[in-house]
Amino acid sequence: EVQLVQSGAEMKKPGESLKISCKASGYRFTNYWIGWVRQMPGKGLEWMGIIYPGDSDTRYSPSFEGRVTVSADKSITTAYLQWSTLEASDTAIYFCARRDLGDPFDVWGLGTMVTVSS
Amino acid sequence: EIVLTQSPGTLSLSPGERATLSCRASQTVTSRYLAWYQQKPGQTPRLLIYSTSARATGIPDRFTGSGSGADFTLTINRLEPEDFAVYYCHQFEISPHTFGQGTKLEIK
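Residues numbered from 1 in each chain as written. Chains lettered and ligands numbered in written order. Predicted model: local features only at pLDDT ≥ 70, side-chain atom pairs only at ≥ 80, totals over all residues. Heavy atoms only, no water.

**Observations regarding the sheet that holds strand 3 (residues 18–25) of chain A**
Residue and element names in this part refer to chain A.
Next, step 1: Taken in spatial order, the four strands of this open sheet run 1-3-8-7, and their pairing is antiparallel. Two strands lie at the open edges of the sheet, namely strand 1 (3–6) and strand 7 (69–73), each paired on one side alone. When strand polarity is set aside, the average angle formed by the axes of neighbouring strands in this sheet is 20 degrees.
Next, step 2: Alignment of strand 3 against strand 8 (residues 78–83), held across six bridges, turns out to be antiparallel. Along strand 8, the bridge assignment pairs Lys19 with Gln82. (Pairing = 2+ DSSP bridges. Helix = DSSP H or I, 4+ residues; strand = E, 2+ residues; numbered from the N terminus. Axes fitted to C-alpha atoms, helices over the stretch in contact; angles between N-to-C directions.)

Structure, rendered in structure tokens:
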């Protein structure tokens, strides 16, 4: 069974750093893109960025580039989303999702809730 | 960046009726790269339609996608109680890939 298992909820203070994870199983990790999607409270889906673990090709939305870093570790079939300096506006649910070249996201993680508050 | 504008923002209908949801792109999107998702409160988005009109695995045939160019439509015939949710269109042709802002389908 194809699964994306995301790390647990986080509560952080503004200015702190954070790295959340997305553990893939049930398929060849290096052959699919893994993307990250933000959903702020009560709002819609926002595409943040995507990585191809096979060669680490990474793309970002201009709205998020420079604020987050997407990475992947092939050896443990895990993708990551990280912040060096969190802001209150980063409070949201973050989903990871898988896609094949030419196809949309077909498998999603359950999401990681990130709360940033002083 | 391709902006996807969905209309209406909220659609109030009764079970058994037909829902028509629109997605307009700021530039042409190749049909292969247009998808629709359904999201219920507290749940993960679920892929409904890909390549504009192909139903994903397990999606009932009352869901129909259509369109071309910059105008796309999701039609839901004979609404069932479980269909009331938020629907998003999504283009994945041009990076950054983008989602529409969503249409909330609510029970009238």
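Back to the text.
**Overview of the side chain of Arg38(A)**
Next, step 1: Looking at the secondary structure, you find Arg38(A) in strand 4 (residues 33–39).
Next, step 2: Judged by relative accessible area, which is 12%, Arg38(A) ranks as buried. (Buried < 20%, exposed > 50% of the residue type's maximum accessible area, 1.4 Å probe, protein only.)

**A closer look at the packing of aromatic side chains**
Residue and element names in this part refer to chain B.
Next, step 1: With the rule as written, the count across this model stands at nine aromatic pairs over all chains.
Next, step 2: On the basis of an interplanar angle of 80 degrees and a centroid distance of 5.5 Å, the ring pair of Tyr33 and Phe92 is categorised as edge-to-face. Taken together, the residues Tyr33 in the loop between strand 3 (19–25) and strand 4 (34–39) and Phe92 in the loop between strand 9 (86–91) and strand 10 (98–99) connect sequence positions 59 residues apart.
Next, step 3: The class for Phe92 is buried, based on a relative accessible area of 2%. (Phe/Tyr/Trp six-rings, centres within 6.5 Å; stacked < 30°, edge-to-face > 60°.)

**A short note on the side chain of Thr75(B)**
Next, step 1: Mapped onto the secondary structure, Thr75(B) falls in strand 8 (residues 71–76).
Next, step 2: Apart from residues no more than four positions distant in its own chain, Thr75(B) is found in contact with Arg18(B), Ala19(B), Thr20(B), Arg62(B), Phe63(B) and Thr64(B). (Contact = heavy atoms within 4.5 Å.)

**What to know about the state of the cysteines**
Residue and element names in this part refer to chain A.
Next, step 1: The tally for this structure, following the rule as stated, stands at two disulfides over all chains.
Next, step 2: Here Cys22 connects covalently by a disulfide to Cys96, the sulfurs 2.1 Å from one another. On the sign convention where negative means left-handed, the S-S torsion of about 75 degrees between Cys22 and Cys96 marks this disulfide as right-handed. Of the two residues, Cys22 is situated in strand 3 and Cys96 in strand 9 (residues 92–99); the sequence distance between them amounts to 74 residues. The pair Cys22 / Cys96 is uniform in exposure class, with both members buried. (Disulfide = S-S within 2.5 Å.)

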